[in-house]
There are 2 protein chains.
Amino acid sequence: MTSQGPDTELPLLIRAARGLEVERTPVWFMRQAGRSLPEYRALREGIPMLQACRTPDLVTEITVQPVRRHGVDAAIFFSDIVVPLAAAGVDLDIVPGVGPVVASPIRDRAAVEALPSLTADQVPDIAQAVRQTVAELDGVPLIGFAGAPFTLASYLVEGGPSRNHEHTKALMHGDPQTWDLLCSKLAAIATTYLRVQIEAGARAVQLFDSWVGALSREDYVRYVQPHSAAVLAGVADLGVPRIHFGVGTGELLTVMGEAGADVVGVDFRVPLDEANARLSGRYPLQGNLDPALLFAPWEPLERSIDAILDAGRAAPGHIFNLGHGVLPDTDPDVITRVVQRVHSRSAR
Amino acid sequence: MTSQGPDTELPLLIRAARGLEVERTPVWFMRQAGRSLPEYRALREGIPMLQACRTPDLVTEITVQPVRRHGVDAAIFFSDIVVPLAAAGVDLDIVPGVGPVVASPIRDRAAVEALPSLTADQVPDIAQAVRQTVAELDGVPLIGFAGAPFTLASYLVEGGPSRNHEHTKALMHGDPQTWDLLCSKLAAIATTYLRVQIEAGARAVQLFDSWVGALSREDYVRYVQPHSAAVLAGVADLGVPRIHFGVGTGELLTVMGEAGADVVGVDFRVPLDEANARLSGRYPLQGNLDPALLFAPWEPLERSIDAILDAGRAAPGHIFNLGHGVLPDTDPDVITRVVQRVHSRSAR
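None of the values given here were measured: they were computed from a predicted structure. (Residues numbered from 1 in each chain as written. Chains lettered and ligands numbered in written order. Predicted model: local features only at pLDDT ≥ 70, side-chain atom pairs only at ≥ 80, totals over all residues. Heavy atoms only, no water.)

A.B. asks: Would you mind showing me how to read the overall build of chain A here?
C.D. replies: Each helix and strand counted, chain A has 15 helices and nine strands in total. For 348 residues, the compact-globule formula gives about 20 Å, and the C-alpha radius of gyration of chain A, at 19 Å, lands near that figure. Projected onto its principal axes, the C-alpha coordinates of chain A cover approximately 60 × 45 × 45 Å. A total of 348 residues make up chain A; the buried ones form 61% of that total. Residue pairs in contact within chain A that sit at least 24 positions apart in sequence constitute 73% of those at least 6 positions apart. Total accessible area computed for chain A in this model is approximately 12,700 Å², and 50% of it derives from carbon and sulfur atoms. (Helix = DSSP H or I, 4+ residues; strand = E, 2+ residues; numbered from the N terminus. Rg over C-alpha atoms; globule rule 2.2 N^0.38 Å. Buried < 20%, exposed > 50% of the residue type's maximum accessible area, 1.4 Å probe, protein only. Contact = heavy atoms within 4.5 Å. Areas by Shrake-Rupley, 256 points an atom, 1.4 Å probe, with all protein chains shown as cover.)

A.B. asks: Would you mind going over the relation of the copies chain B and chain A with me for this structure?
C.D. replies: Note on the chain copies: they are related by a rotation about an axis and a translation along it. Rotating chain B by 180 degrees about the axis while translating it 0.0 Å along that axis superimposes it on chain A, leaving an RMSD of 0.0 Å. Here the symmetry operator amounts to a two-fold rotation axis. A share of 100% of the interface residues of chain B reappears at the interface of chain A, consistent with the copies meeting face to face through the same patch. (Least-squares fit on C-alpha atoms with pLDDT ≥ 70 in both.)

A.B. asks: Sorry if this is basic, but what is going on with the pairing of strand β6 (residues 242–245) of chain B here?
C.D. replies: Remark: a regular strand shows side chains that alternate across the two faces of the sheet. Residues and elements named next belong to chain B. Both faces of β6 are covered, namely the face carrying Arg242 and His244 and the face carrying Ile243 and Phe245. Looking at chain direction, strand β5 (residues 204–208) and β6 are connected through four bridges and run parallel. Bridge pairing in β6 places Gln206 opposite Ile243. You can see the chain leave β5, run along helix α11 (residues 217–234) and come back into β6, and the turn it takes is right-handed. By the bridge criterion, two bridges tie β6 to strand β7 (residues 263–265) in an arrangement that is parallel. From the neighbouring strand, His244 faces β7, where its bridge partner is Val264. Crossover connection from β6 via helix α12 (residues 253–258) to parallel β7: handedness right-handed. (Pairing = 2+ DSSP bridges. Right-handed = clockwise from strand over helix to strand, strands pointing away.)

A.B. asks: I tried to follow the interface of chain B and chain A on my own but got confused; where do I start?
C.D. replies: When the parts of a complex come together, some accessible area is lost, and that lost area is often used as the size of the interface. The partner chain A presents 33 residues to the 33 residues of chain B that form the contact. Remark: the boundary between chain B and chain A carries six salt bridges. Residue B:Glu251 pairs with A:Arg278 through a salt bridge whose shortest N-O separation is 2.7 Å. Counting across the chain B and chain A interface gives eight residue pairs in polar contact (both at pLDDT 80 or more). Counting residues per element, the ones that place at least two in the side of chain B that touches chain A are α9 (166–174), α11, α13 (272–278) and α14 (298–312) of chain B. At six residues, the largest contribution of residues to the side of chain B that touches chain A is made by α9(B). Of the residues that constitute the side of chain B that touches chain A, the class distribution is 13 nonpolar, nine polar and eleven charged. (Salt bridge = Lys/Arg side-chain N within 4 Å of Asp/Glu carboxyl O. Polar contact = N/O pair within 3.5 Å; in protein donor to acceptor, adjacent residues only side chain to side chain. Nonpolar A, V, L, I, M, F, W, Y, C, P; charged D, E, K, R; others polar.)

A.B. asks: Explain the pattern of salt bridges here, please?
C.D. replies: One pass over the full model with this rule turns up 42 salt bridges over all chains. Of the charged contacts in the structure, one is a salt bridge between B:Arg68 and B:Glu61, with a shortest N-O distance of 2.9 Å. Counted as one network, the salt bridges with shared partners bring together A:Glu302, A:Asp306, A:Asp310, A:Arg341 and A:Arg345.

A.B. asks: Explain the UniProt feature "binding site: substrate" (unreviewed entry) in chain A here, please?
C.D. replies: All names here are of chain A. As recorded in UniProt, the feature "binding site: substrate" (unreviewed entry) lies at Arg31, Gln32, Ala33, Gly34, Arg35, Asp80, Tyr155, Ser210 and His324. Spatial dispersion of the annotated residues is evident: they stretch over 294 residues in sequence, and the largest pairwise C-alpha distance comes to 22.8 Å. Along the chain, Gln32 turns up in the loop between α1 (12–17) and α2 (38–44). Given the relative accessible area of 1%, Gln32 is considered buried. Those residues in contact with Gln32, other than ones at most four positions away along the chain, are Leu37, Pro66, Val72, Ala74, Ala75, Ile76 and Val326. Its location among the elements puts Asp80 in the loop between β1 (75–76) and α5 (83–88). (UniProt positions renumbered as here; feature names shortened; annotations may be inferred.)

A.B. asks: In this structure, what is going on with unusual backbone geometry? I would like to understand it.
C.D. replies: Leave glycine aside and you will find that most residues have negative phi; peptide bonds, for their part, are mostly trans. Residue and element names in this part refer to chain A. Following Gly287, the chain continues into Asn288 via a peptide bond in cis, with omega recorded as -10 degrees. On the secondary structure map, Asn288 appears in strand β8 (residues 285–289). A positive phi angle, close to 65 degrees, is found at Arg31, a residue other than glycine. Inspection of the secondary structure assignment puts Arg31 in the loop between α1 and α2. Not every positive phi belongs to a glycine, and Ser280 is a case in point at roughly 55 degrees. With respect to the secondary-structure elements, Ser280 resides in the loop between α13 (272–278) and β8. Accessibility expressed as a relative area gives 58% for Ser280, which makes it exposed.

A.B. asks: Is there a simple way to think about the pairing of strand β3 (residues 99–102) of chain A in this case?
C.D. replies: Residues and elements named next belong to chain A. Of the strand pairs in this sheet, strand β2 (residues 92–95) and β3 are connected by four bridges, and their pairing is antiparallel. Bridge assignment links Ile94 to a residue of β3, and that residue is Pro100. Linkage of β2 to β3, two consecutive antiparallel strands, is achieved through a turn of three residues, within which Gly97 is found at a positive phi near 80 degrees.

Rendered as structure tokens:
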């Protein structure tokens, strides 16, 4: 046995997220736990999404499934972006084929003031699920997650998934004080939700701002960045790496980094070396294979994987991932093959 | 009467598109003809979309309605991106609430080879509708339009609207020769469709590549640009300005310009002065008010209009527009007010 410094005992993912030496590039996939896996579909049969997310044994099994099958270097906690809202008491449901549907959309001051807050004792099941999952994962790190204030606000204001976010933007521009109150409350909810996960054993967190690519940089800086920054700052004392990701955010990479990220997630539209240049080489990056390419034949897919690994070397650290979530019809064997390629191709 | 050069007899829109002197900024709106207008909804009552698009009297009236109501500086020909495909003989329908649905998605070589071509004599109704509309417009210029090859291909390959374009990208990367054949055929169809409109009296054209923002720049240049360039080159001899627009194309502005545009359309995510800088000041620009802002109170909306007019002065020409189409629930009175503001604020 050779003697090793303490750094090499950290999981690969954490070292890459910290810009430390790695023996190969770690890899995981957004939405790796879920619809693409037959063992997931079997387990979920007849169980509504929100109920599944609040049942620790199910959450544990679903979170561990892709680690077992694909050999990825991290697990992502199985949950939904609206789970902390439901736990706080917002009347909503997750409708199959639609997404979250909010009973009473929040569009005025009174509704914002009435939005409940979230305390850790409202989500004992989440803490329990994290503890069980960490035990089951046997050293593979678990990534906790929460939706960022803008994306949560969009669901609440629109009443569900939205392509254009018109009511959200109308509130943001039309009544900035109410908007700020809404996002402050959502930032507090997201912070609580992340702290619960970290305190129960999550080794990293990802703040998902799924829809934020719908904003110009100016609007992001003015209306969104302070609230995302509050969430990221709100878990800083817990010392785990904070990954910050959104879709279509080529215009926003720098300001999303400056919100307080340790790792910036990059969608598939911007090559990692270019993203690294935009970010002045200051952040380890995560990404960014186009999930649609998992439907292509292996040869072009392999070329894309290799190109991403090459481009990722420009950054101070690289966590291989997709540039968006796994699509439901993805062949899970292809996902496994991508993991194998990343592992073999990136070994030093 | 003062003597005037021939340039001042050109419509405002054409002068702005050519980077010539204008007395104020011209304005029109993508999707100005359509769902936001009660007079449109009344006229369409009970008439399927494809049928409406092939009925010259209806097309004329629908195209003219927003000019009459809002006093915009151009009309956009009322049609749908899939009309030339249907006219060529592709079995498809436009389903309310869904969009185009293709009976047999095109995913292999044989299907691509079987894709029919379009000749001008298959769309006499389109030529007639354009002629009637031009007569009715009494000097206000009509903009013709067509969907670009990538966006048309996405509808045909996916079989309908798609969020992720996975089958399209799989074909593009997996079988580039079949992809190129498909896009060459679609480029020919789009070219024919635009030539028919220009020869019947359209004074400008817009090539819409609605979904192209789903691609990285590298993929755009390799798989899409040559085919869009073929369309734009294919109408060059007719001498009308060619506007080229897509959504979420901040990464693609330069390469969309280089495809052969006279005017580059900019979506709402990139300010016009920044777009102009990316394009090295080489193109008049069109855009780029966020259509969601039409749902905000007047004060922030007015500020945004003014900021766009100011930013647009950086470019060699500016046509005011939205950064995407008018949303269905938009209040038409707000649209009229935007036109009035642009007209009064931009008068020299």
